[in-house]
Amino acid sequence: MKAKKILVVDDDPGVREFVADWLEEHGFDVETAEDGEDGFEKFKNGIYDLVMSDMIMPKMIGNEMLRRIKEVKPEQMVVMLTGVKEDSMVARAKALGCHFYLNKPFRLEDLTRQIKECFPEEDV
Amino acid sequence: MFDGVLRAFKDKRRVLELVIGLVLLAASILADTRGLFTAFENLFLDIRFQVRGERAFPEDIRFIGIDEASLDVFGRWPWSRDKHAILLGILRNEQFRPAVLGYDLLFESRDQNKLEGDDNLVHQVKSFPNPLIMPYFFEKGTAMAYERNEKKEEYLLKYAIPESGSRPSRLEEAHKASLPFIELTELSHLAFVNAPTDPDGRTRRAQLLVKYRDRVYPSLDFLCVLYFLGATPADVELSKNEILVRKTRKGELRIPVSPEGDMLINYYGDSVGIPSNSYVHMLTESRAWMEGGSAPEGLQNLKDKIVLIGVSALGLEDRRVTPFHQYEPGISIHAQAIATILEQNYLVHAPRAVSFTIIAVLGLLTIACAMVLKIGRSLPLIAGVLCAYLAASQALFNTGIWVDIAGPALAILLVFAGISSFRYFTALEELKRTQDQLIHSAKMASLGQLSAGIAHEFRNILHAIGLHVEYCARPGTDPEKITKNLARVKPIIDNANAVLNGLLTFARKNESNKTPGNLKKTVEDTLLLVEKELMSHQIIVETELVDIPQTSYDAGQLSQVIMNLMNNARDALKDEAEKKVTLKLSLHNGQARLDIGDNGSGIPPKVLKHLFEPFVTSKPAGKGTGLGLSVCHGIIRNHGGDIKVTTAQGKGTTWHIYLPMTRRQEDTEKLAA
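Residues numbered from 1 in each chain as written. Chains lettered and ligands numbered in written order. Predicted model: local features only at pLDDT ≥ 70, side-chain atom pairs only at ≥ 80, totals over all residues. Heavy atoms only, no water.

**Some details on the nonpolar core**
All names here are of chain B.
Item 1. Leu208 and Phe222 are the most contacted members of the largest nonpolar core, which totals 97 residues.
Item 2. Ignoring any residue separated from it by four or fewer positions in sequence, one finds leucine 208 in contact with Phe192, Tyr217, Pro218, Ser219, Phe222, Ile243, Ile255, Val257, Gly261, Asp262, Met263 and Ile341.
Item 3. Leu450, Ile635, Trp655 and Met661 belong to the second largest nonpolar core, which has 46 residues in total. (Core = buried A, V, L, I, M, F, W, Y, C linked by side-chain atoms within 4.5 Å. Buried < 20%, exposed > 50% of the residue type's maximum accessible area, 1.4 Å probe, protein only. Contact = heavy atoms within 4.5 Å.)

Here it is in structure tokens:
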């Protein structure tokens, strides 16, 4: 079976590279992007089973990227990683059709659980 | 006021103010005793004369002037002494004869070409029945002493004032008398015509007495009055500060004199106000009379008067500067001195002690006012006191008493300026401290706003580290992967350090400490602190930063300015769809220039006018303190730089910060180190 393709968008290289490595280790095909604009470009040029994105990034904020992705492909599965405590941002993400969101800081088990939730059939 | 003074002494600075005031006051009194204000005082005296205005000149005194009209007719000066002989012959006539005739013309030697003219003059002098005074000139300087003409000087002795035991203490002393030629010396009365001038070249005094070979001699002015009043030098008694003539036809005559033997002339005005006749008119009138006409008024007016004869033509150089005129003929000054004595209308300079007392009283009053009251109240009060004093001194002057103005006025100004400038400078220091505190509190306030963003930043960093640690700590993890993951932690920690550095730079205690620094790094450090905050507002930050060498600045303060302007930009972008902040660091005309721009709403014109004033804000109540921009302005100006703004409604605002470059070698070295 072909590996699931995940796009990880985060401006923080520490988190981005870690998540990407970790996902690859678990058999996913991972692409990374370092800001919203970059993320949206990569999304337009590829097909992803999941987009995992940070909320606060330079050039284009996570919610804006989410909005544009949903415009192009409403059924795209998106997980927002949020460290912000602003409910309005989370609420907006939900309204835009974000499937899940993961609060920063998260632990490995939270990440595992989230991926399992997204891909119930996969063995993580 | 007394309570105020007591309260004032509890404050150390007030005590210092008192000390400064007293020292300056003492200095003023000392300066006054040393005569440092004399020049000013004399000028003020002239002004008082002009304020008082001219007064009517007494009818008893007239002069016959050798004026321009006379020169036109008789040709250039000196004339043949025949002319004087003719005039004297006419004046001898009983109808016109003056009571006293005084010459202000020196006939020192005989005219070798026209001995006949001299003889005629001598003859007329001999036949003149009333006192006729010929002038002589006292010269100073011992070098001329041996040229004395002992024979002539025997005649002079007749006019010496009798010794009475006391005389003015610092009498002017002469070393030679230049007397008229021998026949005139023998036949006429003799008086000196020396006139002292003040150091500024003006004539304010008449020399009445001069000491010569230990005898005291009267001046022309004094002798004219003596003879007019029926007295002689033998009737005169001298004391330290007064000339006393006990018996005259008008009773006792007392003349106040200075220790130098001079008297202040209480000027009546200029020569125009003095009854006078032209020399040539006298002669032409007399010719008409001799040819059978009626006696002319000009000649009749001379009868029984004191009449002076001297030059008044502008070209003949016997000119003096007086309070009333720049070119006053000497003869007019003699006439005015004679009038002053004759009318006993003296001008008396108040004793020095009076001047010191006035300075002390006004000075102490000024100190008290300056110490207790605010400048807005003390200034008008002191100005009022000064004006009242000036008015009083003018009123006294009009009655003939001269009280000093310069010393008291300058003392007041000196004391007031001293205390005020001390206050100004201490206030300035205090203001500087307050400003520093204000800058610091503004910084602390923004630090509070920043803290949420920074906490967020650190949580992200700790999160990233945590994830790696958690990964590596799992039992059975591949050692290769552990190494790889741990290696990734290093840049994360570096990033944490960078943020911390930025924070420390920003939060540094405000000491206005300018050190050479890397401007680009300071901008980047500051950006690190606000970046996330701007991002969370969907603001895109674009930077274009070049390395700027050789700038000295206080990194903490500059960071505060950048932070402030970026926060302003963030607020200005609140309602924009596309939000962009640009930071551009460049070199501009030898200055470092940092542009911080936004594409927000722009600054409304009515705010623009008062942009850098404190407490001006366009933000809703409770949102801004209104101190931010005034603090920024203050910081940049303290750096010798400038802050400017370009703004367009609906298009955005750009702040331009200019900082001077330092070219000092040591700075470059420090930076390199």
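Having seen the structure, we can now continue with the description.
**Thoughts on the interface of chain A and chain B**
Item 1. Listed per partner, the contact involves 24 residues of chain A and 20 residues of chain B.
Item 2. Summed over both sides, the interface between chain A and chain B buries roughly 2,100 Å², with carbon and sulfur atoms accounting for 59% of that surface.
Item 3. Together, Phe18, Glu25 and Ile56 of chain A form the three largest contributors to the area buried by chain A at its contact with chain B, with a combined 25%.
Item 4. Scanning the region where chain A abuts chain B turns up five salt bridges.
Item 5. One salt bridge in this structure joins glutamate 470 of chain B and arginine 107 of chain A, with 3.6 Å as the shortest N-O distance.
Item 6. Taken together, the connections running from chain A to chain B amount to six residue pairs in polar contact (both at pLDDT 80 or more).
Item 7. When residues of the side of chain A that touches chain B are traced back to their parent elements, those giving at least two are helix H1 (13-25) and helix H5 (108-118) of chain A.
Item 8. For the side of chain A that touches chain B, the residue count by class is twelve nonpolar, two polar and ten charged. (Buried area = accessible area lost by both parts, 1.4 Å probe. Salt bridge = Lys/Arg side-chain N within 4 Å of Asp/Glu carboxyl O. Polar contact = N/O pair within 3.5 Å; in protein donor to acceptor, adjacent residues only side chain to side chain. Helix = DSSP H or I, 4+ residues; strand = E, 2+ residues; numbered from the N terminus. Nonpolar A, V, L, I, M, F, W, Y, C, P; charged D, E, K, R; others polar.)

**A look at the side chain of aspartate 35 of chain A**
Residues and elements named next belong to chain A.
Item 1. Within the secondary structure, aspartate 35 sits in the loop between strand E2 (29-33) and helix H2 (36-44).
Item 2. No salt bridge forms around the buried aspartate 35; measuring N to O, its nearest opposite-charge neighbour lysine 59 is 4.1 Å away.
Item 3. Discounting residues that sit within four places of it in the chain, aspartate 35 has contacts with Val9, Met57, Pro58 and Lys59. (Lys, Arg positive; Asp, Glu negative; His and termini not counted.)

**A look at unusual backbone geometry**
Item 1. Put simply, lysine 104 of chain A and proline 105 of chain A share a cis peptide bond, and its omega is -5 degrees.
Item 2. By secondary structure assignment, the location of proline 105 of chain A is in the loop between strand E5 (100-103) and H5.
Item 3. Geometrically, the link from tryptophan 77 of chain B to proline 78 of chain B is a cis peptide bond, its omega value of -5 degrees lying close to zero.
Item 4. Here proline 78 of chain B shows up in the loop between helix H4 (68-74) and helix H5 (81-91).
Item 5. The phi torsion at lysine 59 of chain A lies on the positive side, around 70 degrees, for a residue other than glycine.
Item 6. Relative to the helices and strands, lysine 59 of chain A resides in the loop between strand E3 (50-54) and helix H3 (62-72).
Item 7. By relative accessible area, lysine 59 of chain A is classed as partly exposed at 45%.
Item 8. A positive phi is found at asparagine 589 of chain B, a non-glycine position, where the angle reads about 50 degrees.
Item 9. Residue position: asparagine 589 of chain B is located in the loop between strand E23 (579-588) and strand E24 (591-598).

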